[in-house]
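These are the residues of each chain, in order.
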Amino acid sequence: MSKELTVMMLTWEFPPRIIGGISPHVYYLSRNLAKNGVKVYVVTCDFPGAPQHEVVDGVEVFRVDSYKNPSPDFATWVYLMNVNMQKEAAALVNSLGGKVDIFHAHDWLVANAGIGLKHVFRKPLLTTIHSTEIGRRNGIHFDYERMIHETEAWLTYEAWRVICCSDYMVSHVKWAFGLPTDKLVMIPNGVDAEVYARIEKEDLSSFRSKFALPEEKIVLFVGRLVYEKGVHVLINTVPKVLEKVNAKFIIVGNGYMKEQLSNIVKNMGLAHKVHFTGFVDDETLRKLQKCADVSVVPSLFEPFGIVALEAMAAKSPVVVSDTGGLSEIVEHEVTGVKVYANNPESLTWGITKVLLDENFAKRMKENAYKKVQEKYNWNKIAQQTKATYETILNEYSRSFWA
Amino acid sequence: MHVIIFSWEYPPRVVGQLANYVKEVAVQLAKNNVKTSVVTYHDFLTGQYEEPEGVITYRVTNPVRTHIGVLTWVLTLNQEVERAAANIYYNVNKQIDLIDVHDWHFTPAAVTLKKALNLPFIFSVESLEEHRSHGANSPFNMAIKSLEWLGMYEAAKLVVKSEWMRDEVYRLYKVPLEKIKVIPPKSANWFKNILETYKSVAGGMASR
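Residues numbered from 1 in each chain as written. Chains lettered and ligands numbered in written order. Predicted model: local features only at pLDDT ≥ 70, side-chain atom pairs only at ≥ 80, totals over all residues.

Undergrad: When you look at the overall build of chain A in this model, what are you seeing that I'm missing?
TA: Of the regular secondary structure elements, chain A holds 16 helices and 14 strands. In terms of overall size, chain A behaves like a compact globule, its C-alpha atoms giving a radius of gyration of 22 Å where 402 residues would be expected to give roughly 21 Å. For chain A, the C-alpha atoms occupy an extent of roughly 70 × 45 × 45 Å along the three principal directions. Of all 402 residues assigned to chain A, the portion counted as buried reaches 50%. (Helix = DSSP H or I, 4+ residues; strand = E, 2+ residues; numbered from the N terminus. Rg over C-alpha atoms; globule rule 2.2 N^0.38 Å. Buried ≥ 20, exposed ≤ 12 C-beta atoms within 10 Å, placed from the backbone.)

Undergrad: Looking at this structure, how should I read the overall build of chain B?
TA: Helix and strand content of chain B: seven helices and eight strands. Out of the 208 residues in chain B, the part that is buried amounts to 45%.

Undergrad: Can you help me understand the sheet that holds strand 6 (residues 121–124) of chain B in this one?
TA: To summarise the sheet geometry, strands pair through backbone hydrogen bonds and adopt either a parallel or an antiparallel arrangement. Residue and element names in this part refer to chain B. Reading across the sheet, the eight strands line up as 3-4-2-1-5-6-7-8 and stay open at both edges, with mixed pairing between neighbours. One side of each edge strand has no neighbouring strand; the edge strands of this open sheet are strand 3 (47–50) and strand 8 (180–182). If you compare each strand with its neighbour and ignore which way they point, the axes differ by 20° on average. Note that strand 7 (residues 157–160) and strand 8 share three bridges and pair parallel. Bridge assignment links Leu158 to a residue of strand 8, and that residue is Ile180. The strands that helix 3 (residues 107–117) touches are strand 1 (2–7), strand 5 (98–102) and strand 6; relative to strand 5, the one it contacts most, it runs at about 165°. (Pairing = 2+ DSSP bridges. Axes fitted to C-alpha atoms, helices over the stretch in contact; angles between N-to-C directions. Contact = placed C-beta atoms within 7 Å.)

Undergrad: I tried to follow the packing of helix 2 (residues 70–91) of chain B against helix 3 of chain B on my own but got confused; where do I start?
TA: All names here are of chain B. Two elements in contact, helix 2 and helix 3, have axes separated by 9 Å at closest approach and are oriented at 45°. Of the possible angle classes, the one that applies to helix 2 and helix 3 is oblique. Crossing of helix 2 over helix 3 shows right-handed handedness. Every residue of helix 3 that contacts helix 2 at Asn78, Val81, Glu82, Ala85 and Tyr89 is listed here: Pro108, Ala109, Thr112, Leu113 and Leu117. The residue inventory of the contact of helix 2 with helix 3, partitioned by class, reads seven nonpolar, two polar and one charged. (Parallel < 35°, antiparallel > 145°, perpendicular 65-115°, else oblique. Left-handed = near helix turned anticlockwise from the far one by under 90°. Nonpolar A, V, L, I, M, F, W, Y, C, P; charged D, E, K, R; others polar.)

Undergrad: Which parts of the structure should I look at to understand the domain arrangement of chain A?
TA: Interface size is commonly expressed as the accessible surface area that is lost when the partners come together. Residue and element names in this part refer to chain A. On domain assignment, one finds that chain A holds domain 1 (6–190 + 377–397) and domain 2 (194–375). Centre-to-centre, using C-alpha coordinates, domain 1 lies 31 Å away from domain 2. Domain 1 puts twelve residues into the contact, and the matching count from domain 2 is twelve residues. Here the side of domain 1 that touches domain 2 takes three residues from helix 6 (residues 167–177), the largest share from any one element. Taken together, the residues that form the side of domain 1 that touches domain 2 break down as four nonpolar, seven polar and one charged. (Domains from an automatic or database assignment.)

Undergrad: Would you mind showing me how to read the interface of chain B and chain A here?
TA: Each partner contributes residues to the interface: chain B has 28 residues there, and chain A has 30 residues. Of all the secondary-structure elements, those providing two or more residues to the side of chain B that touches chain A are helix 2, helix 3 and helix 5 (139–154) of chain B. Considering each element in turn, the side of chain B that touches chain A owes the most residues, nine residues, to helix 2 of chain B. Tallied by class, residues from the side of chain B that touches chain A come to 16 nonpolar, eight polar and four charged.

Undergrad: Explain unusual backbone geometry here, please?
TA: In most cases, non-glycine residues show a negative phi, while peptide bonds are predominantly trans. Here the bond from Pro15 of chain A into Pro16 of chain A is cis, since omega is 10°, no more than 30 degrees from zero. As for its position among the elements, Pro16 of chain A is in the loop between strand 1 (6–10) and helix 1 (22–35). Cis geometry marks the peptide bond from Pro11 of chain B to Pro12 of chain B; its omega dihedral reads 10°. Mapped onto the elements, Pro12 of chain B comes out in the loop between strand 1 and helix 1 (18–31). With phi around 55°, Asn93 of chain B is a residue other than glycine that occupies positive phi space. If you trace the backbone, Asn93 of chain B turns up in the loop between helix 2 and strand 5. For Asn93 of chain B, a count of 7 C-beta atoms within 10 Å gives the class exposed.

Undergrad: Where do I start with the confidence of the model for chain B in this structure?
TA: Close inspection of predicted coordinates is inappropriate for parts of the model with low pLDDT. Confidence in the prediction for chain B averages 96 pLDDT; 98% of positions are at 70 or higher. Scored as a whole, the predicted complex attains pTM 0.92, and scored at its interfaces, ipTM 0.96. (pLDDT = per-residue confidence, 0-100.)

Undergrad: I would appreciate a short explanation of the sheet that holds strand 4 (residues 59–64) of chain A in the present structure.
TA: Residue and element names in this part refer to chain A. Read across the open sheet, the eight strands follow the order 3-4-2-1-5-6-7-8; overall the sheet is mixed. The sheet is open, and its two borders are formed by strand 3 (53–56) and strand 8 (184–186), each paired with just one other strand. Within the sheet, the average angular offset between the axes of one strand and its neighbour, ignoring direction, is 25°. By the bridge criterion, three bridges tie strand 7 (residues 161–164) to strand 8 in an arrangement that is parallel. The partner of Val162 across the bridge, within strand 8, is Leu184. Packing against the sheet, helix 3 (residues 111–121) makes contact with strand 1, strand 5 (102–106) and strand 6 (125–128), and its axis sits at approximately 165° to strand 5.

Undergrad: Honestly, the pairing of strand 1 of chain B in this entry has me stumped. Any pointers?
TA: Sheet faces and side chains relate simply in a regular strand, where the side chains alternate between the two faces. Residue and element names in this part refer to chain B. Most of strand 1 sits out of view: five of its six residues are buried. Bridging between strand 1 and strand 2 (residues 35–41) involves six bridges; their strand directions are parallel. Paired with His2 across the two strands is Lys35, which belongs to strand 2. For strand 1 and strand 5, the ladder comprises four bridges, and the chain directions are parallel. Looking at the pairing, Ile5 lines up with Asp100 of strand 5.

Undergrad: Hey, could you run me through helix 3 of chain B in this one?
TA: In an α-helix, one full turn covers 3.6 residues, which means residues spaced three or four apart are oriented alike. Residue and element names in this part refer to chain B. Among the eleven residues of helix 3, eleven are classified as buried, and the element is accordingly described as predominantly covered. Every buried residue of helix 3 is accounted for by Thr107, Pro108, Ala109, Ala110, Val111, Thr112, Leu113, Lys114, Lys115, Ala116 and Leu117. Positive backbone phi, approximately 60°, marks Asn118, located one or two places after helix 3.

Undergrad: Help me understand the environment of Ala176 of chain A in this model?
TA: Residues and elements named next belong to chain A. Mapped onto the elements, Ala176 comes out in helix 6. In this structure Ala176 comes out as partly exposed when scored by C-beta crowding, with 19 C-beta atoms within 10 Å. The sequence separation of Ala176 and Gly135 amounts to 41 residues, and the corresponding C-alpha distance is 8.9 Å. Contact partners of Ala176, with chain neighbours within four places excluded, come to Thr132 and Ile134.

Undergrad: Sorry, what's going on with helix 14 (residues 344–356) of chain A here?
TA: Given a rise of 1.5 Å per residue, 13 residues ought to cover 18 Å, and the 18 Å separating the end C-alpha atoms of helix 14 of chain A matches this to within 8%. Considered for burial, the residues of helix 14 of chain A that qualify are Pro344, Ser346, Leu347, Thr348, Gly350, Ile351, Thr352, Val354 and Leu355 of chain A. (Expected span 1.5 Å × (residues − 1).)

Structural data, given as C-alpha cells:
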C-alpha cells in the first residue's frame, strides 16, 4: 500500500456521458473521495467532445475508445468495450509503476475489466452493485438475461466486498447471488444539496408561471415513463386529486408509455391540467423540483429512488410508494408520506394530505432536508467508502498477494 | 527461457488441427529445455498439471456458464486465462519471457498482459475469420476480425504456416511483412525456426 490511498474506478458512464444513475454517483463519489485525501483515477467510456484525459476537481479521468469493435448486440458490445477498457487501464497502472491500491468496479458493465486487472496486478477488487438483471427484468427468462445475471454473480464472487446503496439492495443482492452477509456493505447513495441551495436565492415566480397558474399547486413526477416507475398510477389519481384541490401535474421524462398516457389524459378532458415536458436540462429540472408543492415517486420497483432524495434536498415534500429503497429513504409522516404501491386511492390520499395541510407539508420538508444533510451527504458517503477501502487493504496486507 | 502458450484447444480437448499442432510445439520446447506452460480451456479438467512430456498445462473453465454465442463465451473466458497466466508469472518470480497466442480467442488476454506486465507476445495464425466465414461481414464476424486485428497490431511477431497465409494477413490486416515469419509445419527447420523466433522476441520489451 502506497502512502496515499490510490483507487482506480471503472465505470461505463461518467459526465458528460450520462445514461443512468451510475454517472452522477461516480462523479460525486470520486470528487468527495479526492477531498478526503484519496487519489482517484476514473477509467470510463468516451463521449463526443469530451477529452481523453482531464482532471476534474482533483480526479483524473481517462476516457477509452468504446466503439472500436463492431458488435452484434448490447451485451457483446459491453464485453468488447471491456477489452479496450482493460487494455488502457492496464497501460495506465503500468505507467504509474503499479501504484494503484484498489480497483472499484460499478456494475457488470465493467466486470471483465475489473476482474482481469485484479488478477494481473494482484490488487483487491471492490464492486458497487447499483441494479441487477433479475430485478430489472423481474426474473430471468432468456439466455441473454442469464448470461448477464451470471456475469453479475461472477463480479460479486471475485470482489473483496460488495457495496449496495440501500438495505433493500443488500438483501436483494444477497438473495440473487447467494453471497455471505459479511461480504456486503451498505453505503447509501447521496444527493448534492448545494445545487438546490444556489437556486434558493433566485426569484422563481416567472419560471413557475411558465408551468402553472399562481393558484395551481404543482404536483411533480420525474422519471422514465415506463411501467416500473408507476407513472400510470399517478395519472389515475388526477381527477380524484382535482376534486379536492386545484393543481397542475407536471410529468418530466420520456418513455414508451408517453403517448398512451397523454391520450388517457386527453380523453379525460384534463390535458390542461397535465403537462408532459419530456426530457429537460438539469437547470430546469432543479428549478421545477424547487417549485413543486409535492414530488411524487409512485414506483412499483425501485432499487434506491434517487429522485425522492433530490426532492428532499430541494425542500419539496415527497409522497412515495412504500417499496424497495423508497421505504428506507422516507419515514412515514416524519420525512414524507408513504403510500401503498400500485394503489391510486392511497396515492390520492397522500397527495391531497400534503397539498391541503400546509403545516404538515412544511414539517415534512424540513425534517427531510435535515435527513438529507445527515445521511445522504456525499462527503459522509465518501468517508464511509474510504473506511471500506481501508478495511479491505488491511485484510489484503495479511494475504499472500501483498 | 520460459514461455506461456495460449490456445483454446489442447489435447485431450481437440476441436480441429490446432490442438495437436500446439502440443507438438510445446513438447519440442520442453525437450529443448525451454520451460513451457500451456494455458488452455477445459470444461471440467481444470487446474495446473505437469504432463509426462514436461509441459505444464493450466486449464481454466468459463465462470459464466450461459452464453448467446462463441464470441461472448470467449470474451468472459479471457479473464480466466489472464488469471492463470498471472498465477504462473507471479509463481516464477515474474521470470516469463514471452507469450505465444494461437488464433484470436485469447488475444485480449495477451494484449492486457503485454500492457500490464511488459510481456511481449507472438501471434501464431492457424486460420482467419475471413476464410472460416467465407468473407461474411456481419457485426459478429467483424467483431472477431477486430480481435484478430488487435492481436496482430500488438504482437511483436506473427508466425504463419504458409506463404499464402502471409499474403492473406498482409492483404487483410496490412501487417508489415517483416513482422511475419513463415514457418510451415513439418518443414525441415520447423522447430529451429520457431525457437529462433521466440528468442528474437523474448525479453524484447522495456524493463519490468
